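Commentary on secondary and tertiary structure
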Amino acid sequence: MRKLIFTLVFFALLTAIPALGETYILSDIHAYVELPDDTYELVLTPDNLKHHTAYLNAQNMDYDATYNAFLSEGILLQATDTDNNRTLVITAKKDVDAQMYFDLNNQDDDMRREFRLAHSNGIGYNVLGYSYSSAAWKNYGGTTLRFLQTKYSLHQEGQQVCTGYQRRTIRNGYTITLDMQVTGRNAKDTDNTALEKIMKGFGFSQILEMPDLPIKLALSSPPPTETNSDTFTITGSTEKNAVVTATLFSLTSSASKSFNVSAGSSGDFKLKITLPSQGVYSLTLTAQTPGTIPAQRIFAVTYQRGLLPVDLFIVPGETLGDTTTISGSTISGAKVSVSVNGPIVTDKSSTKSNFSFTLDTSKEGTYIIILSVTKKGLESRSFSYTATRTLTDAERIQRIRSSAKKIDYSKLKSDSNKGKNVVYTGYIVDITPTIGNEHVVTFALSKSGSNYKNLIYVICDGGPGFEAGEKCKLYAMADGTYSVLTNDGKDKTYPKVQAHFFESAD
């Protein structure tokens with residue numbers, strides 16, 4: 001079972017209240033949400049999972065494992081809209097961001113900007129597989145107030161798990177996300193519209209007072225993850241006259257160093273860092289003023305002269321889907337290319353720091369994918385991944401369904417159609433075992449009384465699963481002609497196909 005990564009943890013009480021739709025109380029975050037009538041066929045919460053064990057069993061999901069997953073992944077509510085192939089997931093968690101912000105509506109523009117940028121161009125969510133194509137604030141007013149509106153795709157182990165739209169905020173000490181997920185297709189504007197409809201029925205029943213929090217520490221230029229220079233600058237904003245301290249500890253030697261600067265009356269600061277030697281460092285950034293709770297951030301920095309810095313966000317896993325995404329960031333002007341099983345399939349110059357490639361990995365087989373990053377004067381970087389694309393039975397069937405065509409019977413024997421997937425509805429005339437498990441099935445496209453017309457000879461492993469005389473649907477691959485000896489001793493040719501599968505004609 002695929003594990004989706006959510007950013008929240010919760011324990012919620014669900015109750016239904018008569019209204020225009022169904023209203024659910026999310027007690028731990030002091031919120032409620034109203035779902036439209038006749039839209040969501042199944043609504044699951046930790047409290048009602050025990051009433052849906054039959055559904056869970058049908059999905060090969062264990063109740064205890066699902067219940068624990070709801071709690072650990074922070075799922076307050078999961079509602080399925082089968083008609084539109086989308087799922088609403090509401091989650092909440094007391095994560096690091098929730099502890100730092102508590103309520104984004106009570107933070108200033110700098111802090112909200114940093115939270116937004118963590119989605120649009122930061123690596124905080126990229127390392128979890130999320131790629132955000134948009135992130136902007138919207139104030140819904142009332143008790144709801146500010147939520148970040150985002151559009152995203154989620155990849156895990158090199159495969160796209162889902163795409164969708166989110167609304168995310170931090171309130172009452174929780175990071176809260178309303179996520180409209182879609183699978184098997186790309187998210188559309190109608191999915192965003194459906195989420196906006198949910199937002200109209202979402203609100204808070206109580207707003208908790210802000211506790212004592214660490215002082216403000218918002219970074220406009222954080223430390224680099226990799227660098228080829230021993231010097232870089234950290235910029236940001238904090239409380240006025242606060243002391244900002246950067247403490248370095250080398251993880252590859254005994255070197256350590258400390259730097260500090262006092263913020264000005266506006267709270268802005270600029271702190272120049274000089275690394276004592278090449279190596280890997282832990283950098284702890286602290287902002288503090290007397291009588292307040294200090295703010296602290298921890299970073300890892302690798303320094304190597306001549307290094308071409310590369311941060312990877314999404315990389316291929318051991319198994320692949322129809323498409324595979326590789327994304328990351330490097331320095332401006334670097335050339336980034338990707339080769340698949342030898343030839344370079346795509347390359348680009350990084351006029352901006354971020355890069356992203358989407359590869360076609362729909363064909364079954366083993367893929368050797370190499371990402372190369374080069375820039376004159378710097379050491380080239382190469383990242384290699386070996387992964388496999390294996391189709392499930394369901395995927396094979398779906399591919400056959402989507403590619404099969406009904407070719408005119410008079411043209412089915414043509415060599416030009418050989419190898420094409422075809423689909424016909426007709427009648428089983430005869431089933432003849434041949435060698436081993438192979439059978440030859442005589443299949444007719446039409447029937448008049450007891451007479452069958454437009455015969456096709458079908459080669460298949462095992463029987464068709466239908467009896468002679470039954471009507472069914474055939475999916476197969478065109479394979480030229482099949483010769484039959486007539487009563488007068490002459491050969492007559494009919495279309496021949498290799499069966500994929502038979503199914504009910506209904």
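Look up: the structure comes first, before these words.
A short tour of the structure in this document, coming up. From a predicted model like this one, the values you see are computed outputs, not experimental measurements. (Residues numbered from 1 in each chain as written. Predicted model: local features only at pLDDT ≥ 70, side-chain atom pairs only at ≥ 80, totals over all residues. Heavy atoms only, no water.)

The next subject is the overall build of the chain. For the chain, the count of helices and strands is six helices and 31 strands. For 506 residues, the compact-globule estimate of 2.2 N^0.38 gives 23 Å, and the chain exceeds it by more than 25% at 30 Å. With respect to the principal axes defined by its C-alpha atoms, the chain has extents near 105 × 65 × 35 Å. Of all 506 residues assigned to the chain, the portion counted as buried reaches 45%. Here the analysis covers contacts within the chain between residues at least 6 apart in sequence; of these, 59% occur between residues at least 24 apart. Accessible surface for the chain amounts to roughly 25,000 Å². Of this, 48% is attributable to carbon and sulfur atoms. Averaged over its 50 positive side-chain charges, the chain has a centre that lies 8 Å from the centre of its 51 negative ones. (Helix = DSSP H or I, 4+ residues; strand = E, 2+ residues; numbered from the N terminus. Rg over C-alpha atoms; globule rule 2.2 N^0.38 Å. Buried < 20%, exposed > 50% of the residue type's maximum accessible area, 1.4 Å probe, protein only. Contact = heavy atoms within 4.5 Å. Areas by Shrake-Rupley, 256 points an atom, 1.4 Å probe, with all protein chains shown as cover. Lys, Arg positive; Asp, Glu negative; His and termini not counted. Charge placed at Lys NZ, Arg CZ, Asp CG, Glu CD.)

Quick look at the sheet that holds strand 13 (residues 226–227) now. Pairing is mixed in the open sheet, where five strands are placed in the order 13-19-18-15-16. Of all strands in the sheet, those bounded by a partner on one side alone are strand 13 and strand 16 (256–262). Across eight bridges, the pairing between strand 15 (residues 243–250) and strand 18 (residues 279–288) is antiparallel. When the sheet's bridge partners are listed, T245 is paired in strand 18 with T286. (Pairing = 2+ DSSP bridges.)

Turning our eyes to something else, we now look at the environment of I435. As for its placement among the helices and strands, I435 is situated in the loop between strand 27 (421–433) and strand 28 (438–448). Spatially, the C-alpha atoms of I435 and D461 are 9.9 Å apart, while their sequence positions differ by 26 residues.

Counting 28 residues, the largest nonpolar core has V33, L35, L77, L88, L178, I198 and F202 as its most contacted members. If you list the elements that add at least two residues to this core, you get strand 2 (22–26), strand 3 (31–35), strand 5 (75–81), strand 6 (86–93), strand 10 (174–182), helix 5 (189–200) and strand 11 (202–204). Here this core gets five residues from one element, more than from any other, and that element is strand 10. Not counting residues up to four positions away in its chain, the partners in contact with L77 are Y24, V33, L35, V43, L44, T45, L88, V89 and I90. Counting 23 residues, the second-largest nonpolar core is a separate cluster that includes I215, L217, L219 and A242. (Core = buried A, V, L, I, M, F, W, Y, C linked by side-chain atoms within 4.5 Å.)

Going through the model one piece at a time under the given rule, you end up with 16 aromatic pairs. Plain terms: the ring middles of Y140 and F147 are 6.3 Å apart, the flat faces sit at 80° to each other, and that makes the pair edge-to-face. The exposure class of Y140 is partly exposed, given its relative accessible area of 22%. Cluster of aromatic residues (ring-pair linked, three or more members): Y125, Y130, Y132 and Y152. In this arrangement the basic side chain of R171 is found over the ring face of F204, its NZ or CZ atom lying 5.1 Å from the centre. (Phe/Tyr/Trp six-rings, centres within 6.5 Å; stacked < 30°, edge-to-face > 60°. Lys NZ or Arg CZ within 6 Å of the ring centre and 35° of its normal.)

What follows is about unusual backbone geometry. The phi dihedral of N85 is positive, around 55°, even though this residue is not glycine. Assignment of secondary structure puts N85 in the loop between strand 5 and strand 6. On the accessibility criterion, N85 (37% relative accessible area) is partly exposed. Of note, L145 is a non-glycine position whose phi angle comes to about 55°, a positive value. Position of L145 relative to the elements: it lies in the loop between strand 7 (130–139) and strand 8 (146–156).

This brings us to the environment of D189. By the secondary structure assignment, D189 is in helix 5. For D189, a relative accessible area of 61% puts it in the exposed group. Residues D189 and Y457, 268 residues apart in the sequence, show an inter-C-alpha distance of 47 Å.

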